[in-house]
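A closer look at the structure
One letter stands for each residue in the lines below.
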Number of protein chains: 2
Amino acid sequence: MGHWHPFDRRGYHHGNLKEALIEVARRFIAERGIGGFTLADAAKLVGVTPAALYRHFRGREALLAEVAGRGFDDLAARLARALKGPGTPLERFTRMGEAYLAFAEEEPGYYAAMFAPRGKEEDACGPWGARFAVQADGGEEAHGAFDLLVKALRETFPEGFGGVDARFIALEVWALSHGIATLAAAGQLPTGPGLPSKHELLRAGVLALVHGALPGRREAL
Amino acid sequence: MGHWHPFDRRGYHHGNLKEALIEVARRFIAERGIGGFTLADAAKLVGVTPAALYRHFRGREALLAEVAGRGFDDLAARLARALKGPGTPLERFTRMGEAYLAFAEEEPGYYAAMFAPRGKEEDACGPWGARFAVQADGGEEAHGAFDLLVKALRETFPEGFGGVDARFIALEVWALSHGIATLAAAGQLPTGPGLPSKHELLRAGVLALVHGALPGRREAL
DNA sequence: TGTACATCAGTGAACGCGCGTTCACTGATGTAC
DNA sequence: TGTACATCAGTGAACGCGCGTTCACTGATGTAC
């Protein structure tokens, strides 16, 4: 009672099968990776025949794409929340970085689905695709996660970046975040005395990236 | 003639089966991804029964691990070459970044094998593992790719980083490189008018990361 | 140089498995009258 | 309120497939004498 549970089932009709499958796929991918995810096990977990899946999805790939889409939405929501919170622009911007790492850590299923090298199909969705659209320039409302990042940069550093496009900086920050998140997820970030946590790594790196592009800093080197 | 070709075969015994399998696996993974790689197809490509593979590898995972190992060796060799070339330390350091991106782009098979989320097995090899060992501190010879990066940083900026461990900076640079390389490989780096290439992205980012940590720069922000 | 033999790297057939997907079906639900 | 019917979301059995792996085997190679 209270929370709805994906394994609940009352009667012949499941009633929430689509949502349940997405939910189970997310957990599944988180545990075994995207290659280890099978329709058969997912169906068994929600207590349904594998064939029932085809009432809601065209097939395996469609399910994965939907999971990825949910992931992009969730990420954008988290980033938006971090950006809207209290504090100075710089604090909020820093919090966005934390939110990104937290998302990658807490939702490895989503993250893997989002950034897994998609098959041959069209990349109808992706960080810079429909749900993430890169704006030509500012003005319109920012929907996707990437646009949120650009918006945050413009708010945090209203003086600009000495003629450098904020989207340039945003890409740098994104690439660094993604690199740290994936190395950490793969267990390939070394830990040990004197070595930084991924959070320290991201915070210092983001500051350096922004800092390095700030006006009056570009003449050196 | 001249170059040895993995599909060559003279007689009952192949003679180069192990090397041929590694070579074919590399190309295969590059084209279809690590999940699309199968022993059956690999064996067929080199003109051999699938069972023959087991004379040289314990199984599929062992072959993949060997491919990853070759990749780490190749990457280290490329980075070492870039570092040993002519030019100022800064030029050589910048060239290491280029070499990294070039490796990821030219050897997607290696790259995927190296950084694919390994199964449950021990990560006996990895960027910071046996072939990549992170030195406790300087002194000993640098064998792995990561150590080469640290060494290059120390050579390029002998004045140090204001008390910050060079390995810290190296991790930042590595994470950024990895992030850019993987986003680019997945086709998730947006391109368009006014947006930078991955090479511009890496060069500017690395400079900012190094710059931001240089002495006399850490008081601002 | 020739023969016997050990060693090694292949063969080819077979295995068990589990996958994604299809199909005709049936049970449950909702709506019209 | 009750009945007939259309719609929908499941079932369950079956499919073809291709995978990784095994096994007893055999052809080729190299070495001892």
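Structure shown above.
First, a word on scope: everything that follows refers to the structure included in this document. (Residues numbered from 1 in each chain as written. Chains lettered and ligands numbered in written order. Predicted model: local features only at pLDDT ≥ 70, side-chain atom pairs only at ≥ 80, totals over all residues. Heavy atoms only, no water.)

Quick look at the relation of the copies chain B and chain A
What relates the pair of chain copies is a rotation about an axis plus a shift along that axis. Expressed as a screw operation, the relation of chain B to chain A combines 0.0 Å of axial shift with a rotation of 180°, fitting to an RMSD of 0.0 Å. Look at the turn and shift together and you get a two-fold axis relating the two. In terms of C-alpha distance to the rotation axis, chain B has Gly 179 of chain B as its closest residue, with the C-alpha 1.8 Å off the axis. In this assembly the copies share their binding face: 100% of the residues contributing to the interface of chain B also contribute to that of chain A. (Least-squares fit on C-alpha atoms with pLDDT ≥ 70 in both. Contact = heavy atoms within 4.5 Å.)

Here we look at the interface of chain B and chain A
Listed as interface residues are 42 residues of chain B and, on the opposing side, 42 residues of chain A. Taken together, the links from chain B to chain A amount to zero salt bridges. Counting the contacts that link chain B with chain A gives six residue pairs in polar contact (both at pLDDT 80 or more). Of all the secondary-structure elements, those providing two or more residues to the side of chain B that touches chain A are helix H5 (108–115), helix H7 (166–185) and helix H8 (198–213) of chain B. The element best represented in the side of chain B that touches chain A is H7 of chain B, accounting for twelve residues. (Salt bridge = Lys/Arg side-chain N within 4 Å of Asp/Glu carboxyl O. Polar contact = N/O pair within 3.5 Å; in protein donor to acceptor, adjacent residues only side chain to side chain. Helix = DSSP H or I, 4+ residues; strand = E, 2+ residues; numbered from the N terminus.)

Brief notes about the nonpolar core
The nonpolar side chains of soluble globular proteins are, as a tendency, buried together. Residues Phe 37, Leu 63 and Trp 174 of chain A together with Phe 37, Leu 63 and Trp 174 of chain B are the most contacted members of the largest nonpolar core, which totals 132 residues. In contact with Phe 37 of chain A, other than residues within four places in its own chain, are Ala 25, Phe 28, Ile 29, Ala 42, Arg 60, Leu 63 and Leu 64 of chain A. (Core = buried A, V, L, I, M, F, W, Y, C linked by side-chain atoms within 4.5 Å. Buried < 20%, exposed > 50% of the residue type's maximum accessible area, 1.4 Å probe, protein only.)

Here's the deal with the protein's contact with DNA strand D
DNA strand D sits among 24 residues. The nearest are Tyr 12, His 13, Thr 49 and Arg 55 of chain A together with Tyr 54 of chain B. Contact between DNA strand D and Arg 60 of chain B: a phosphate oxygen at 3.1 Å from a main-chain N or O atom of the residue. Of the residues assigned to the surface near DNA strand D, the class counts are twelve nonpolar, eight polar and four charged. (Near = heavy atom within 4 Å. Nonpolar A, V, L, I, M, F, W, Y, C, P; charged D, E, K, R; others polar.)

A closer look at the packing of aromatic side chains
The relation between two aromatic rings is expressed through the spacing of the ring centres and the mutual angle of the planes. Residue and element names in this part refer to chain A. All chains considered together, the criterion is met by 20 aromatic pairs over all chains. Consider the rings of Phe 72 and Phe 115, whose centres lie 6.2 Å apart with planes at 70°: the pair is edge-to-face. Remark: Phe 115 occurs in helix H5 (residues 108–115) and Phe 72 occurs in helix H3 (residues 60–84); sequence separation between them is 43 residues. Of the two residues examined, Phe 72 and Phe 115, each falls in the buried class. A network of ring pairs unites the aromatic residues Phe 72, Tyr 100, Phe 103, Tyr 110, Tyr 111, Phe 115, Phe 146 and Trp 174 as a single cluster. When the ring centre of Tyr 110 is taken as origin, the NZ or CZ atom of Arg 26, which lies over that ring, is 5.6 Å away. (Phe/Tyr/Trp six-rings, centres within 6.5 Å; stacked < 30°, edge-to-face > 60°. Lys NZ or Arg CZ within 6 Å of the ring centre and 35° of its normal.)

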